[in-house]
Amino acid sequence: MRVVDIIVKKRDGGELETAEIDSFIQGVTQGTIPDYQIAAWLMAVVWRGMSSREIADLTMAMVRSGEVLDLGDVAPWVVDKHSSGGVGDKTTLVVAPVVAAWGMPVAKMSGRGLSFSGGTLDKMESIRGYRVDLSRAKFLANLRRYGIVLSGQTGDLAPADGKLYALRDVTGTVESIPLIASSIMSKKIAAGANALVLDVKVGQGAFMKTLEAATTLARTMIDIGKSVGRQVTVALSAMDQPLGCAVGNALEVKEAVETLRGNGPSDLAEHCEAIAAEMLLLGRKCADVAEGRRMVRQVIADGRALGMFRTLAQAQGGDAEQVDHPGRLPQASLVEMVAAPRRGHLAGIAAMTAGLVAVDLGAGRMKKGDPVDHSVGLVLRRKVGDFVDLGEPLFEIHASRPEQIAPARERLLAAYTWSEEPVAAPPLIYDILRDA
Ligand code: URA
């Protein structure tokens, strides 16, 4: 099978056979197809799209390109959760212990932050000693012993996706629903998920800028799940302003702990309750979402969820004292409260700008491998929909160097929009799509 024929067929709008997709992905994995041919094929897919069958074939070919984690001996039914990335998104830190507290095994592999969006591994590493580089054996042992494990990727999962993603990043071929859907789903299937809750973010601070595009992506991933025997639920959730109040690693861990204590910001608490309830439903722990939501509230109220987070931290070498006393997490040397420059109703806080300001303070990285400062970031004291008086506290800047404060203040103030008229608090979740 000649690679150029596969490229031409897709370029001309043809539907690729399963064997053609398999052969192409094998060539990508083995390094026998040069980057220029891969790039040409990716661009043809961007322009021509793929049928549902092609997308499922592409997903499974990428799954087979590497190791596939079999969790069956340890946890017969694993429900995973994935967020498409956002600002202030510490949902995993809350929902993982919540569902694990109900005996649902959590075997989570997360990523690091990149550009404006934060990463769960960076957040967890704010806890002194917490290890994210578990071996496969340790990952499985912790899952068996504690029912919860949260680390970086163990093993070589879906390496073809890694190769394709790196090329997509530099060839203008990231924004393709078949490519995004197969990329996400292949990694989750390879990581052993039986069922999945996908939190697809929509808005200014997300990959998907419109609800329409996000809905198409959601339906594509549900379809992939259907054709490969994985149940998928997708939450389409807002990412126009940051989720919760804290943006920055230790600040977000602190906020997650507060949420597990029942004292978190209302938007974060509500979002986590909705996502965890969907996970419990897919995990067959409840009959419907209303029951799932009651279960979430119960383990938060009785302390079991927080206890599970403490167990998770300790099981991976983290200092549980910092969970018990989040004030002992890394603290920035400088904290500046910024007052509202005017009176009015808050109409918008651009999430992407808030994320980038936090990155500039040192909370994230612009390129892979940059170090992060766990202590720095932002705390929003008011959210969209609030009425704010002139001079009231608007946000805090947590920084390590004095010269960072003024640019952060000016940039973030410029990301706020105001209204003379009352503004309704924006929706958190636009829709939940389930495998019908
Ligand atoms: N996340 C992924 O894992 N892959 C994509 O293509 C986009 C977002």
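Here the structure is a predicted model, which is why all the values come from computation and not from measurement.

Visitor: Mind showing me how you'd approach the overall build of the protein chain here?
Guide: What the protein chain contains, in helices and strands, is 17 helices and 13 strands. The C-alpha atoms of the protein chain give a radius of gyration of 22 Å, which matches the 22 Å a tight globule of 436 residues would have. By its C-alpha atoms, the protein chain is 70 × 45 × 40 Å across when sized along the principal axes. Sorting the 436 residues of the protein chain into buried and exposed places 56% on the buried side. Sequence separation of 24 or more characterises 78% of the internal contacts of the protein chain that already satisfy a separation of 6 or more.

Visitor: Can you walk me through the nonpolar core in this structure?
Guide: It is characteristic of soluble globular proteins that their nonpolar side chains tend to be buried jointly. Val98, Ile127, Phe309, Leu378, Ile397 and Tyr416 are the most contacted members of the largest nonpolar core, which has 79 residues in total. The element contributing the most residues to this core is helix H5 (residues 91–101), with eight residues. Built from parts of two domains, this core gets at least three residues from each of domain 2 (79–325) and domain 3 (329–419). Setting aside its immediate chain neighbours within four residues, Leu378 contacts Cys245, Ala246, Val247, Leu251, Ala354, Val357, Ala358, Leu361, Glu396, Ile397 and Leu412. Judged by nonpolar contacts, the second largest core, of 58 residues, contains Ile25, Met50, Leu69 and Ala214.

Visitor: What's the story with the layout of surface pockets in this structure? I'm lost.
Guide: In this approach the atoms are scanned with a rolling probe the size of a water molecule, which exposes any empty space left behind. Empty space within the second largest pocket amounts to approximately 290 Å³. As for the second largest pocket, its lining consists of 17 residues, and the residues nearest its centre are Gln241, Asp267, Lys383, Pro426 and Leu428. Class assignment for the residues of the lining of the second largest pocket results in 11 nonpolar, two polar and four charged. For the lining of the second largest pocket, the domains that each give at least three residues are domain 2 (79–325) and domain 3 (329–419).

Visitor: Help me understand the pattern of salt bridges in this model?
Guide: Oppositely charged side chains can pair when the atoms bearing their charge come close. On inspection of all chains with the given rule, the structure shows 40 salt bridges. Residue Arg64 is joined to Asp22 by a salt bridge in which the shortest nitrogen-to-oxygen separation is 2.9 Å. Pair noted here: Arg64 is in helix H4 (residues 52–64) and Asp22 is in helix H2 (residues 18–30), with a separation of 42 residues, a long-range link. The shortest N-O distance in the salt bridge between Asp199 and Lys201 comes to 3.0 Å.

Rules used in this analysis
Residues numbered from 1 in each chain as written. Predicted model: local features only at pLDDT ≥ 70, side-chain atom pairs only at ≥ 80, totals over all residues. Heavy atoms only, no water. Helix = DSSP H or I, 4+ residues; strand = E, 2+ residues; numbered from the N terminus. Rg over C-alpha atoms; globule rule 2.2 N^0.38 Å. Buried < 20%, exposed > 50% of the residue type's maximum accessible area, 1.4 Å probe, protein only. Contact = heavy atoms within 4.5 Å. Core = buried A, V, L, I, M, F, W, Y, C linked by side-chain atoms within 4.5 Å. Domains from an automatic or database assignment. 1 Å grid on protein atoms, 1.4 Å probe; cavity = no way out; pocket = protein on both sides within 12 Å on 5 of 7 lines; lining within 4 Å. Points joined across faces, edges and corners; volume = space filled by probe spheres on them. Nonpolar A, V, L, I, M, F, W, Y, C, P; charged D, E, K, R; others polar. Salt bridge = Lys/Arg side-chain N within 4 Å of Asp/Glu carboxyl O.

Bear in mind that shape data such as this cannot, by itself, settle questions of function.
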